[in-house]
Amino acid sequence: QVRLVQSGAEVKKSGASVKVSCQASGYDFTAYYMHWVRQAPGQGLEWMGRISPHNGATNYAQRFQGRVTIITDTSMTTAYMDLNTLRSDDTAVYYCATAGAGADYEAFEYWGQGTLITVSS
Amino acid sequence: QAVLTQPPSASGTPGQRVTISCSGSSSNIRNKFIYWYQQVPGRAPKLLIYRNYQRPSGVPERFSGSKSGTPASLVISGLRSEDEADYYCAGWDDSLSGWVFGGGTKVTVL
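Once a new chain begins, its residue numbering starts again from 1 and follows that chain's sequence as written. To read the labels, note that chains go from A and ligands from 1, taken in the order they are written. The predicted origin of the model limits local features to residues at a pLDDT of at least 70 and limits the giving and counting of side-chain atom pairs to 80 or more, whereas totals for whole chains, interfaces and linings rest on all residues. Excluded from the side-chain calculation are hydrogens and water; included are all heavy atoms of the structure.

Asker: What's the story with the state of the cysteines in this structure? I'm lost.
Answerer: Residue and element names in this part refer to chain B. Pairs of cysteine sulfur atoms within 2.5 Å are identified as disulfides in what follows. Scanning all chains against the criterion turns up two disulfides over all chains. Shown here is the disulfide that connects Cys 22 with Cys 89, its sulfur atoms set 2.0 Å apart. Between Cys 22 and Cys 89, the disulfide has an S-S torsion of 80 degrees and is therefore right-handed. Of this pair, Cys 22 sits in strand E2 (residues 18-22) while Cys 89 sits in strand E7 (residues 85-93), and the two are 67 residues apart along the sequence. There is no split in this pair, since Cys 22 and Cys 89 are both buried. Numbering of helices and strands runs from the N terminus; a helix is a DSSP stretch of H or I covering at least four residues, while a strand is a stretch of E covering at least two. Here the term buried applies to any residue with accessible area under 20% of the maximum for its type, exposed to any over 50%, and partly exposed to those in between, with areas from a 1.4 Å probe on protein chains only.

This is the structure in structure tokens:
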């Protein structure tokens, strides 16, 4: 079955950077986009960007352009999301998500368990 | 401010029908597929509807989606206590070249 396992919670200082990993299994990792979505406390879902593990092509949400980098290591079937210049409003749960050979090639059908990133001043 | 607009809340008694709307613009909803996600607090979202009205395997038939222009809608027929959750619509936006979500609708079962 498809599984996405994310790295653990972290506490960071303002101005620092954070790297969250997402290890995938149970499907052809290179065949489907891997997305990153975040959710601030008590807020809604916000798409940050995606990567095609097949060729490394990325798309980032405009508000994160220049601050976020998404990469993959296909040998480890792992995706990484790096967010720099952290601010207190970056405190959120960060999720990876993929279609992963599910019902639809674009849907976010499979999700990681989420990684809480807390940014303190 | 979310690109797609949903009502912040909806409610009903067990067995009732609840409708959640999702409106947008010509760069997203009008010409693109809409997806719906259910999120129970503290859990990751779950895909409920894809490509406007299709249900993944395992999603109960009481959940249905429709889209005729804008807005798109998610209908829960025969509301059950376990349907109490937050519901989000999502779709691709051509102008933003990215995925966008609605602000979410909290469904309460009275």
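Asker: Help me understand the sheet that holds strand E7 (residues 68-73) of chain A in this model?
Answerer: Note on sheets: strands pair through backbone hydrogen bonds, and any given pair is parallel or antiparallel. All names here are of chain A. At least two bridges found by DSSP between two strands are what make those strands a pair. In space, the four strands of this open sheet follow the order E1-E3-E8-E7, with antiparallel pairing throughout. Of all strands in the sheet, those with a lone pairing partner are strand E1 (3-6) and E7, marking the two edges. The mean inter-strand angle of the sheet, taken between neighbouring strand axes irrespective of direction, is 20 degrees. Sheet topology places strand E3 (residues 18-25) next to strand E8 (residues 78-83); six bridges connect them, and they run antiparallel. Along E8, the bridge assignment pairs Val 20 with Met 81. Angles run from 0 to 180 degrees between N-to-C directions of axes, and those axes are lines fitted to C-alpha atoms, restricted for helices to the stretch in contact.

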